[in-house]
Amino acid sequence: MDDKFNTAAGWVLFAGIVALGSSIASGMYFHADRPESPEEPGYFIDAPEEGAGEDAGPDLGTLLASADAAAGEKVFAKCTACHTINQGGANGIGPNLYGVMGTAIGAHAPGFAYSSALADHGGQWTWENMNEWLKSPRAFASGTKMSFAGLSSPEDRANVMEYLAANGGAPAKPAPAAPEIPEGGEEVDGAAEGPGAIAGGDTGSVQAAGSMGDDQPVPSEQTATTNDGTMKAGE
């Protein structure tokens, strides 16, 4: 009995020694006790350049030029839980919005308790201000009580503003931005394009290819050759 116990204990001890030796050997091989660190800690994250994520679509004037009040009414349905827009409508969680365009910010609806973030903001509800407000109320007036996150689509914002303008009027819209002229190019009215075009579009001084100029002499008589090889003039 003692021999068997001693044999088993020996094998257990041997296995422990082997395991310990393997652990030490692998640690020395893989440098577990001295992990190597990169020259610069951390890792790279591909992030867009500043301003790269901003909307690069049409300007506000161009969007408003094609805005649709009917489409804006559909988007405004999201707002009807808090706002009315009919003339003389009651204030709800939010103020009545009839005729809001062009009025003072935070002072449009009499009797409504505007937050100080809006009441102290200053300015008027211009197209530009309303666009920023609809884009992100909290960014436009930090501390506002309005919980709506905003409309991310520029087209939706333009349509909603058109709908607001259709209910009570609005100031003049901003003009669309002028188209950009490509670098190094300029517009020339009436100028032809392509090979052979004349700069400035002056085609009146162009002579047909192969035609004779005004200072080129024109023979008054033509000559013909007779059958016998002599030249006969005037025929």
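What counts, and where the lines are drawn
Residues numbered from 1 in each chain as written. Predicted model: local features only at pLDDT ≥ 70, side-chain atom pairs only at ≥ 80, totals over all residues. Heavy atoms only, no water. Helix = DSSP H or I, 4+ residues; strand = E, 2+ residues; numbered from the N terminus. Buried < 20%, exposed > 50% of the residue type's maximum accessible area, 1.4 Å probe, protein only. Contact = heavy atoms within 4.5 Å. Areas by Shrake-Rupley, 256 points an atom, 1.4 Å probe, with all protein chains shown as cover. Arc of directions from axis to C-beta. Core = buried A, V, L, I, M, F, W, Y, C linked by side-chain atoms within 4.5 Å. Phe/Tyr/Trp six-rings, centres within 6.5 Å; stacked < 30°, edge-to-face > 60°. Salt bridge = Lys/Arg side-chain N within 4 Å of Asp/Glu carboxyl O. 1 Å grid on protein atoms, 1.4 Å probe; cavity = no way out; pocket = protein on both sides within 12 Å on 5 of 7 lines; lining within 4 Å. Points joined across faces, edges and corners; volume = space filled by probe spheres on them. Nonpolar A, V, L, I, M, F, W, Y, C, P; charged D, E, K, R; others polar. Axes fitted to C-alpha atoms, helices over the stretch in contact; angles between N-to-C directions. Parallel < 35°, antiparallel > 145°, perpendicular 65-115°, else oblique. Left-handed = near helix turned anticlockwise from the far one by under 90°.

Asks: Would you mind going over the overall build of the protein chain with me for this structure?
Replies: Broken down by element type, the protein chain carries seven helices and two strands. Secondary structure of the protein chain in N-to-C order comes out as α-α-α-α-α-α-α-β-β. Here the protein chain, with 235 residues, has 22% of them falling under the buried criterion. Considering only intrachain contacts with a sequence separation of at least 6, the fraction spanning at least 24 residues in the protein chain is 46%. Per element, the accessible surface of the protein chain, about 17400 Å² overall, is 55% carbon and sulfur.

Asks: Looking at this structure, how should I read helix H5 (residues 127-135)?
Replies: An α-helix turns once every 3.6 residues. As a result, residues three or four positions apart point the same way. Regarding H5, the residues found buried are Trp127, Met130, Asn131, Trp133 and Leu134. On an axial view of H5, the arc spanned by its buried residues comes to 165 degrees, and they lie on one face. For H5, the elements touching its buried residues are helix H2 (60-65), helix H4 (116-119), helix H6 (137-140) and helix H7 (154-166).

Asks: Please clarify how the nonpolar core should be interpreted in this entry.
Replies: Generally speaking, nonpolar side chains in soluble globular proteins are found buried as a group. With 31 residues, the main nonpolar core has Trp125, Met130, Trp133 and Leu164 as its most contacted residues. The set of elements that each furnish at least two residues to this core consists of H2, helix H3 (69-76), H4, H5 and H7. Top contributing element to this core by residue count: H7, with six residues. If we ignore the near neighbours within four places in the chain, the residues touching Leu164 are Phe76, Ile85, Leu97, Val100, Met101, Met130 and Gly169.

Asks: Please explain the packing of aromatic side chains as it appears in this structure.
Replies: The description of an aromatic ring pair uses the distance of the two centres, along with the angle that the planes make with each other. Applying the stated rule across the entire model yields five aromatic pairs. Residues Trp133 and Phe140 carry aromatic rings whose centres are separated by 6.0 Å and whose planes lie at 80 degrees to one another, so their mutual orientation is edge-to-face. Accessibility classification places Trp133 together with Phe140 in one group, the buried group. Here the aromatic residues Trp125, Trp133 and Phe140 are joined through ring pairs into a cluster of three or more.

Asks: Whenever I open this one, the pattern of salt bridges confuses me. Can you help?
Replies: Pairing is possible between side chains of opposite charge, provided their charged atoms come close. Under the criterion given, the structure shown has one salt bridge. Residue Glu162 is joined to Lys173 by a salt bridge in which the shortest nitrogen-to-oxygen separation is 2.7 Å. In this pair, Glu162 sits in helix H7 while Lys173 sits in the loop between H7 and strand S1 (223-225), placing the two residues 11 residues apart along the sequence. We classify Glu162 as buried; its relative accessible area is 19%. With relative accessibility at 38%, the residue Lys173 sits in the partly exposed group.

Asks: Sorry if this is basic, but what is going on with the layout of surface pockets here?
Replies: Over the atoms, a rolled probe matching the size of one water molecule traces out where space is still vacant. Put simply, the largest pocket is a space of about 550 Å³. Taken together, 27 residues line the largest pocket, and the ones lying closest to its centre are His83, Gly94, Pro95, Trp133 and Met146. Only H5 and H7 provide two or more residues apiece to the lining of the largest pocket. Considering each element in turn, the lining of the largest pocket owes the most residues, three residues, to H5. Across the lining of the largest pocket, the residue classes break down as 18 nonpolar, seven polar and two charged.

Asks: Can you help me understand the packing of H5 against H7 in this one?
Replies: The description of two helices packed together rests on the angle between their axes and the distance between the axes. In contact at an axis separation of 10 Å, H5 and H7 are set at 125 degrees when each is read in the N-to-C sense. By the angle between their axes, H5 is oblique relative to H7. Handedness of the H5/H7 crossing: right-handed. Packed against H5, whose contacting residues are Trp127, Met130, Asn131, Leu134 and Lys135, the element H7 presents Arg157, Val160, Met161, Glu162, Leu164 and Ala165 at the interface. Its residues assigned to classes, the contact of H5 with H7 comprises seven nonpolar, one polar and three charged.

In short, shape yes, function no, at least from these values alone.
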